[in-house]
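Geometric and topological summary
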Amino acid sequence: MAADNYFSTTKRGELQEWRDELNSNNSNNTKIRETLKKIIAGMTVGKDVSSLFSDVLKTIQTDDMERKKLVYLYLINYAKTNPDLAILAVNTFVNDATDRNHPLLRALALRTMSCIRVESITEYLSEPLRLGLEDTDPYVRKTAALAVAKLFSIDPELCRDHFMEPLKGLLRDSNQMVVSNAVAALTDITQQARETVWAVDKEMADTLLTALTECNEWGQSYILDGLATFAPQSVEDAEMVAERVCSRLQHANSAVVLSAIRVLVRLTRGGADFPTMAPEKAQEFLRRARAPIVSLLTSPPEIQYVVLRNVPLLLSVCPDMFAADARVFFCRYNDPSYVKVEKLEILSRLASDQNIDTILAEFKEYSQEVDVDFVRKTIQTIGRCAIALEQSANKCMAVLLELVATKVSYVVQEAIVVMKDVFRRYPSRFEEAIARLAEHLDSLDEPDAKASLVWIVGEYSDRIDNADDLLDWFMDTIAEEQPTVQFQLLTAVVKLYLNRPAESTQAMLHSVLEYVTEKADDPDLRDRGFLYWRMLSADNGFEMARRIVLAERPTLNAKPHELNETLREELLKHFGSLASVYQRPAASFTLVAQPQDDSDSDSEEESDEESEEESAPAQTQEVDNLADLLGGITTAAPPATTAPAARTFKDTKLAGVVAPANGKTLAVMAGFGPSNGKPALKVAVKNMGQAHISGFQVQFNKNPFGMVPESMAMGVPGDSLAPGAVSTVAVPFTFAAAPFTENPRLQVAVKTSEGVAMFAIDVPLHFIAEPVPMDAASILAAWQAAGNEDRAIVPCPKSGAEVCSLLNEAGIHAVAEGDSILTSASLPNGTEGRVPWVCRAMVKAGQMAVASRGGHTGLSSAVTSTMNAILG
Amino acid sequence: MKFGSKGKKSITALVVGLDNSGKSSIVNQFKPKKMMVKEITPTVGFKIEEFKAAGTSWKMYDMSGQGRYRNLWSKFYQEIEAVVFVVDASDRLRMVVAREELKTVIESPELSRAPVLVLLNKTDVAGHEDSATVMDLLELPQLLASHTWTMMSASAVKDEGLEDALSWIVSSVRT
């Protein structure tokens, strides 16, 4: 009794104060509202006010709209953590959602209910939602449309059955706000379902285009997103839609403009399912985007950045779009550096033999700036122009040499690095420049610049008179240099010797080889040293080395680095979105089940057979054991025929089991599949955070089958997962005599550097079962003798005979007996080896009812998932 | 007990009972004529009704009686001044369940001082149990030994015996 007192605090904190204010019988509406505001304020700054849930809930009934909004806001935030209590609010929700007088209140209640992703609440959502979709007030209809999309994420089936058609009906609503939100909802559902739930045909496109002109900018961008999925039947349709979308390009909102461009890009490029426009026409449409983009470049830097990131994509489909506009991409002195860098990138793409003079003059200006990184990037860009434009390379080189003459240390060094590539592109065009570089030997302090200069000297050692002196100068400090420089020095000295074999160069060669093979720490460097040494000391070594080391080199690729074709196509589809800004496929932002690699599974099947054959003798023995267990009622076939046919374990579908939460960023999906012919747990891990995750370990909880992972290490490549990366690994398991527990769901713990994530998964029993061939009568007898019955009903579109053969393929011995199917198999059991598992199944009206009996209990959910997996 | 003492100005009451015992109907009848609603549907979660009657302003928590929500009643015990336990007089089968639920409610320390009104509803239905039987079935005298309590018959449908109920609460709530 007394112990109670220790836990009841007498301290009166903020929470207690608020609770009293809410509960006090003297509180009037204003007072309660003020208190609620304080609570919401606490909630927004991250205070945990969830303990006030029931107290806040008590204040839900009110006519005061403001107070209602506050309470609803609170509920949305905390309903997830208090699902039981949240139910208490249902009555109010339903009342408010059907309130006759206040459309705002109806909408508010609908929105709140759909935002609370608690299943028990959503079951009451159907009726108000159905009414909401037919409401007389457009604001309520609009809210209901968005609520359908939210409901879809919780209960797709319910949504498909009852709400898709009314939602599509809203596309023809008289109010454009409703239309645009219906489009937004359908787009959202399409993304969630990963399948087309609605198609935009010509008629629909017409409707949308009409609504487009009337709604606000949010609505316009939703509708344009919807139009981006339009697949026209003819070129005329495409041109008609493109023409009407073009009017949106004049919009002041950047999102609308970019969405409009996305529609244009799609319509002009054609696709698998619709015709392509004539190239001239297509270019004409795309060129209309020029002026809007130019004017967007006067918007705030953040928007400029988004636009600039998309410009290269646009250039890839319409290269001459900005041919005369290089000037608009010139950097302003007050541009933030991220904008400047993007502009440089675009300028390098726009540079042509016609405008190179202007652009180079501009670059020269940039190289005087104080931002060192920007200056370096500018110099690199000049080099890229030199490599891309053969006719203008001289002009670029002249600028680079001018920059070298400034003697500013970082300018000189970057210029040397860049020039190295120019030399590689035009092997014998700029020899006179080499002498000028050698003057700056002393000012070099960065490894990259040094390595570049040493490479140049080595490469042209036959034409540089004092190459030996220069290299000798570097040799003095070889011990202090970075490995990159040491590598280049080694190669350069070898080249020098091969070009000018003499006593002095040979001495230098000796000293460098001696150094790298005896004193250097870097094993790669030593190996390369030994390689040269061996080569040179072989018979006829000098000639051979000349042929190899001084061989003609392929010239540098002239193309500036481009995105690969598939990524570019993918990004064009998502023009103007986050995907095109990050230049990563949109799918990489969300957790997607990885498609199975076909070539992979082929090899697995082969190895499958081998391992099965090996295990055949053990199998026979188990069958005998089982016969004993079943009390001798068996007609066990002779061992020769018990060797089972090769089994193929089909992958089960990976399902999300752990979502990132509470500061953890690891998402996990799990299923079962084969690994080297053996059954294994398949786990896909995805890092949804910003930091690397490492230290992957896996462990199973005690389970009735005695399953244990073969190794605690999960085998994630490199044992590290980069941000955004996904890795699918197989966790093979064996059976140990683990202590018996009742729960047949396999509980798995994945330990990483950010903590332990746990989930439970039904074991597909055919992965661990072994067939026990018996005739129908014996199975029936065994079934009647066995206990622990579990029942399951699964959808089954197949006939009894098909099911029978599928079961046999999956490794469960099955025979048809009348209209039912009898199966017999054994399941592992940690403590006793194996126990029998027999089922009677009946297929009727598209469903299969299974009654399972045997040594294990509580199998009904495992049987359900097994049958679902086998029936596909 | 202080009979005849002047009641409090406002009273917060908790209305509980098994599902379909008629809690919402009773509360509806407590309310002034113009606030009444015509149709009563099963309550999900709870409702709060605020109204003036019998010279007092009332705040009643009308809780859902469905089995799965009953454990949520306890969230509302704080600040409760009176308990109304509604019993369906025609539902003899579940009297035992009702007794258990009532026991759980009145055993909670927050409600140790609250007067308990057991309201026998549906006395208009033919074949209903009479109050003496119900009192026996519910073992009220033993159960409510430490509480101020009474039992009244009423019919929400016919609006019988409800005025007395409110006045009893007003007089028994300790000021």
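Given the structure is predicted, the values throughout are model-derived calculations rather than measurements.

Things to note about the overall build of chain A
What chain A contains, in helices and strands, is 40 helices and 16 strands. Restricting the contact set of chain A to residue pairs at least 6 apart, pairs at least 24 apart contribute 66%. As displayed, chain A offers around 40500 Å² of accessible surface, 51% of which is attributable to carbon and sulfur atoms.

What to know about the UniProt feature "binding site: Mg(2+)" (unreviewed entry) in chain B
The feature "binding site: Mg(2+)" (unreviewed entry), as given by UniProt, occupies Ser24 and Thr43 of chain B in the numbering adopted here. These residues run over 20 residues, yet every pair of their C-alpha atoms falls within 7.6 Å of each other. Tracing the backbone through its elements, the reader meets serine 24 of chain B in helix 1 (residues 23–30). Serine 24 of chain B sits in the buried class, given a relative accessible area of 10%. If sequence neighbours within four positions are ignored, serine 24 of chain B has contacts with Ile40, Thr43, Lys47 and Asp62 of chain B. By the secondary structure assignment, threonine 43 of chain B is in the loop between helix 1 and strand 2 (46–53). Residue threonine 43 of chain B is classed as buried on the basis of its relative accessible area, which comes to 8%. For threonine 43 of chain B, the residues in contact, after removing those within four places along its chain, are Asn91 of chain A together with Ser24, Asp62, Ser64 and Gln66 of chain B. In this structure the side chain of threonine 43 of chain B is engaged in a polar contact, spanning 2.9 Å, whose partner is the side chain of serine 24 of chain B.

Details of the sheet that holds strand 4 (residues 82–88) of chain B
Residues and elements named next belong to chain B. Taken in spatial order, the 6 strands line up as 2-3-1-4-5-6 in an open sheet, and their pairing is mixed. The open sheet has two edge strands, strand 2 and strand 6 (149–153), and neither has a second partner. On average, adjacent strands in this sheet sit at an angle of 20° to one another, irrespective of strand direction. Pairing geometry for strand 1 (residues 10–17) and strand 3 (residues 56–63), over 6 bridges, is parallel. Across the sheet, residue leucine 14 finds its bridge partner in strand 3, namely tyrosine 61. Where helix 2 (residues 95–106) meets the sheet, its contacts fall on strand 1, strand 4 and strand 5 (116–121), and the angle it forms with strand 4 comes to roughly 175°. Relative to the sheet, helix 3 (residues 131–138) contacts strand 4, strand 5 and strand 6, its axis offset from that of strand 6 by approximately 140°.

Quick word on the side chain of serine 155 of chain B
Residue and element names in this part refer to chain B. Note on placement: serine 155 falls in the loop between strand 6 and helix 5 (162–172). Overall, serine 155 belongs to the buried group, its relative accessible area being 0%. Within polar-contact distance, the side chain of serine 155 engages the side chain of aspartate 124 at 3.1 Å. When sequence neighbours within four positions are dropped, the list of residues in contact with serine 155 reads Asn121, Lys122, Thr123, Asp124, Glu160 and Leu162.

Side note on the confidence of the model for chain B
Residue and element names in this part refer to chain B. Chain-level statistics for chain B give a pLDDT mean of 85 and a share of 94% at 70 or above. Model confidence for chain B, summarised as mean pLDDT per element, is weakest for strand 2 at 86 and strongest for strand 4 at 92. Every residue in residues 1–5 scores below 50 in pLDDT, and together they form 3 contacts with partners more than four places removed in sequence or on other chains. Across the predicted assembly, pTM comes out at 0.61 and ipTM at 0.77.

Brief notes about helix 40 (residues 860–871) of chain A
Residue and element names in this part refer to chain A. Its 12 residues place the ends of helix 40 16 Å apart at the C-alpha level, agreeing with the 16 Å of an ideal helix rising 1.5 Å per residue. For helix 40, every residue scored as buried is listed here: Ala862, Val863, Thr866, Met867, Ile870 and Leu871. The buried side chains of helix 40 occupy one side of the element, clustering within an arc of 150° when seen end-on. Considering only its buried residues, helix 40 is in contact with strand 12 (790–795), helix 39 (800–809), strand 15 (833–844) and strand 16 (847–854).

Some words on the interface of chain B and chain A
Facing the 20 residues of chain B at the interface are 17 residues of chain A. In this assembly, chain B packs against chain A so that about 1700 Å² is buried in total across both faces, 53% of it on carbon and sulfur atoms. Of all residues in chain B, Val44, Phe46 and Ile48 of chain B give up the largest surface area on contact with chain A, accounting jointly for 29% of the area buried on that side. If you list the elements that add at least two residues to the side of chain B that touches chain A, you get strand 1, strand 2 and strand 3 of chain B. By residue class, the composition of the side of chain B that touches chain A is 9 nonpolar, 5 polar and 6 charged.

A look at the state of the cysteines
Residues and elements named next belong to chain A. All chains considered together, the criterion is met by 0 disulfides over all chains. Cysteine 396 supplies the cysteine sulfur nearest to cysteine 385, a cysteine that is in no disulfide, at a spacing of 5.5 Å. Judged by relative accessible area, which is 1%, cysteine 385 ranks as buried.

Some thoughts on the pattern of salt bridges
All names here are of chain A. According to the stated counting rule, one finds 51 salt bridges over all chains in the structure shown. The partner of arginine 33 in a salt bridge is glutamate 66, with the nearest N and O atoms 3.8 Å apart. Of this pair, arginine 33 sits in helix 3 (residues 29–44) while glutamate 66 sits in helix 5 (residues 65–78), and the two are 33 residues apart along the sequence. Of the charged contacts in the structure, one is a salt bridge between glutamate 127 and arginine 130, with a shortest N-O distance of 2.7 Å. Of this pair, glutamate 127 and arginine 130 both sit in helix 10 (residues 126–133), 3 residues apart, roughly one helical turn. Where salt bridges share partners, they join Arg33, Glu34, Lys37, Asp64 and Glu66 into one cluster.

Calculation criteria
Residues numbered from 1 in each chain as written. Chains lettered and ligands numbered in written order. Predicted model: local features only at pLDDT ≥ 70, side-chain atom pairs only at ≥ 80, totals over all residues. Heavy atoms only, no water. Helix = DSSP H or I, 4+ residues; strand = E, 2+ residues; numbered from the N terminus. Contact = heavy atoms within 4.5 Å. Areas by Shrake-Rupley, 256 points an atom, 1.4 Å probe, with all protein chains shown as cover. UniProt positions renumbered as here; feature names shortened; annotations may be inferred. Buried < 20%, exposed > 50% of the residue type's maximum accessible area, 1.4 Å probe, protein only. Polar contact = N/O pair within 3.5 Å; in protein donor to acceptor, adjacent residues only side chain to side chain. Pairing = 2+ DSSP bridges. Axes fitted to C-alpha atoms, helices over the stretch in contact; angles between N-to-C directions. pLDDT = per-residue confidence, 0-100. Expected span 1.5 Å × (residues − 1). Arc of directions from axis to C-beta. Buried area = accessible area lost by both parts, 1.4 Å probe. Nonpolar A, V, L, I, M, F, W, Y, C, P; charged D, E, K, R; others polar. Disulfide = S-S within 2.5 Å. Salt bridge = Lys/Arg side-chain N within 4 Å of Asp/Glu carboxyl O.

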